Amino acid sequence: MKTILILVAVVLLAFIIVQLYAINGQRNIETYPYVVNKKYNAFEIRSYEATLFTSVKLSGNKYKDASSKGFSILAGYIFGGNNKKEKIAMTSPVAMSLDDSMTMMFMVPKKLKKETLPQPDQSQIKFREEPAKTVAAISFGGWANDEKIEKYKQQLKSALDAEGITYTNRFYFLGYNPPFEIFNRKNEIIVELENDAPSMIK
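Definitions and cut-offs
- Residues numbered from 1 in each chain as written.
- Predicted model: local features only at pLDDT ≥ 70, side-chain atom pairs only at ≥ 80, totals over all residues.
- Heavy atoms only, no water.
- Helix = DSSP H or I, 4+ residues; strand = E, 2+ residues; numbered from the N terminus.
- Expected span 1.5 Å × (residues − 1).
- Buried < 20%, exposed > 50% of the residue type's maximum accessible area, 1.4 Å probe, protein only.
- Contact = heavy atoms within 4.5 Å.
- Phe/Tyr/Trp six-rings, centres within 6.5 Å; stacked < 30°, edge-to-face > 60°.
- Lys NZ or Arg CZ within 6 Å of the ring centre and 35° of its normal.
- Arc of directions from axis to C-beta.
- Polar contact = N/O pair within 3.5 Å; in protein donor to acceptor, adjacent residues only side chain to side chain.
- Pairing = 2+ DSSP bridges.
- Axes fitted to C-alpha atoms, helices over the stretch in contact; angles between N-to-C directions.
- Salt bridge = Lys/Arg side-chain N within 4 Å of Asp/Glu carboxyl O.

### As for helix 2 (residues 63-78)
Given 3.6 residues to a turn, an α-helix orients residues that are three or four positions apart in the same direction. Counted at 1.5 Å a residue, the expected span for helix 2 with its 16 residues is 22 Å, and the 22 Å between its end C-alpha atoms agrees. Taken together, the buried positions of helix 2 are Tyr63, Ala66, Ser67, Gly70, Ile73, Leu74, Ala75, Tyr77 and Ile78. Buried-residue contacts for helix 2 involve strand 4 (51-57), strand 6 (94-97), strand 7 (103-107), strand 8 (125-130), helix 3 (146-163) and strand 10 (167-175). At the exit of helix 2 stands glycine 80, carrying a positive phi of roughly 120 degrees.

### Things to note about the packing of aromatic side chains
Aromatic rings in a pair are described by how distant their centres are and how their planes are angled relative to each other. A complete count under the given rule lists 10 aromatic pairs for this structure. For the ring pair tyrosine 40 and phenylalanine 43, a centre distance of 4.5 Å and an interplane angle of 10 degrees mean the geometry is stacked. Given the relative accessible area of 16%, tyrosine 40 is considered buried. Relative to phenylalanine 173, the ring of tyrosine 63 has its centre 5.2 Å away and its plane inclined at 70 degrees; by these criteria the two rings are edge-to-face. With a gap of 110 residues between them, tyrosine 63 in helix 2 and phenylalanine 173 in strand 10 connect regions that are remote in the sequence. In this pair, the class of tyrosine 63 matches that of phenylalanine 173, namely buried. One aromatic cluster is present, built from ring pairs that chain together Tyr32, Tyr34, Tyr48 and Phe53. When the ring centre of tyrosine 34 is taken as origin, the NZ or CZ atom of arginine 46, which lies over that ring, is 4.1 Å away. Positioned above the aromatic ring of phenylalanine 171 is the side chain of lysine 153, whose terminal nitrogen or guanidinium carbon lies 4.8 Å from the ring centre.

### Concerning helix 3
For helix 3, with 18 residues, the first-to-last C-alpha span of 26 Å sits near the 26 Å given by 1.5 Å per residue. Looking at helix 3, one finds that the buried residues are Ile149, Tyr152, Lys153, Leu156, Ala159 and Leu160. Buried positions in helix 3, seen along its axis, are confined to an arc of 130 degrees and lie on one side of it. In this structure, helix 3 carries Glu147 and Ala162 as exposed residues pointing more than 90 degrees from its buried face. Along its buried surface, helix 3 packs onto helix 2, strand 9 (133-140), strand 10 and strand 11 (187-193). The opening residue of helix 3, the one whose side-chain oxygen lies 3.1 Å from the backbone nitrogen of glutamate 147, is asparagine 145. A positive phi of about 70 degrees marks glycine 164, the residue just after helix 3.

### A few points about the sheet that holds strand 8
Reading across the sheet, the 9 strands line up as 2-3-9-11-10-6-7-4-8 and stay open at both edges, with antiparallel pairing between neighbours. Each edge of the sheet is formed by a strand with only one pairing partner; in this case those strands are strand 2 (34-39) and strand 8. The mean inter-strand angle of the sheet, taken between neighbouring strand axes irrespective of direction, is 30 degrees. Bridge analysis of strand 3 (residues 44-48) against strand 9 gives 5 bridges, and the strand direction is antiparallel. From the neighbouring strand, serine 47 faces strand 9, where its bridge partner is threonine 134. Sheet strands in contact with helix 2 are strand 4, strand 6, strand 7, strand 8 and strand 10, and its direction is about 40 degrees off that of strand 7.

### A word on the pattern of salt bridges
One pass over the full model with this rule turns up 11 salt bridges. Of the charged contacts, one joins glutamate 129 and lysine 114 as a salt bridge, the two residues approaching to 3.5 Å between their closest N and O atoms. In this pair, glutamate 129 is assigned in strand 8 and lysine 114 in the loop between strand 7 and strand 8, connecting sequence segments 15 residues apart. In this structure, the salt-bridge partner of arginine 170 is glutamate 192, at a minimum N-O distance of 2.8 Å. One end of the pair, arginine 170, is in strand 10; the other, glutamate 192, is in strand 11, and 22 residues separate them in sequence. Overall, the relative accessible area of 11% leaves glutamate 192 in the buried class. Within this structure, Lys39, Glu44, Arg46, Lys186 and Glu188 form a network of salt bridges that share partners.

Keep in mind these numbers describe shape, not what the thing actually does.
What follows is the structure in structure tokens.
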């Protein structure tokens, strides 16, 4: 019995250490910069600046399958899978386009330029320059799955329709936490707004 209690205590301590490490690590990670233009009850309007990403296009549109495969490919690149064997800092959030075929994206740290980035070992990894954009964003907690993503995508569309704000069909999922982080998980669905939408925001 004593051995079991000691084992449980060790496992619990290890769990707490991992969670504290994850929370502290999140504070030091560079994030995709934006400005909040207006807050509504269910969502907010943001402006993102032009940003460079590494990306990989994946077949299929199921989050569970695509997220695991895409993360593995892009993580391989930033952990040294490139022609210079260089490590590149992890950033947040991980972004995925919500299309018939998903594209996963890691933001490139701002101090790095496309011209000097090491070339990926895997040919399916591309550099993608996202232009400045205005989006609507809705947040939810816990672990993401296809059902939750679709649920909050529909909630965002309904909320935008109710406010008369026009939007495109370019939806993205944003995930902010590593898989092993349990507490304070943050996820978002964002959608790019139509060019005239900012002028409609009261």
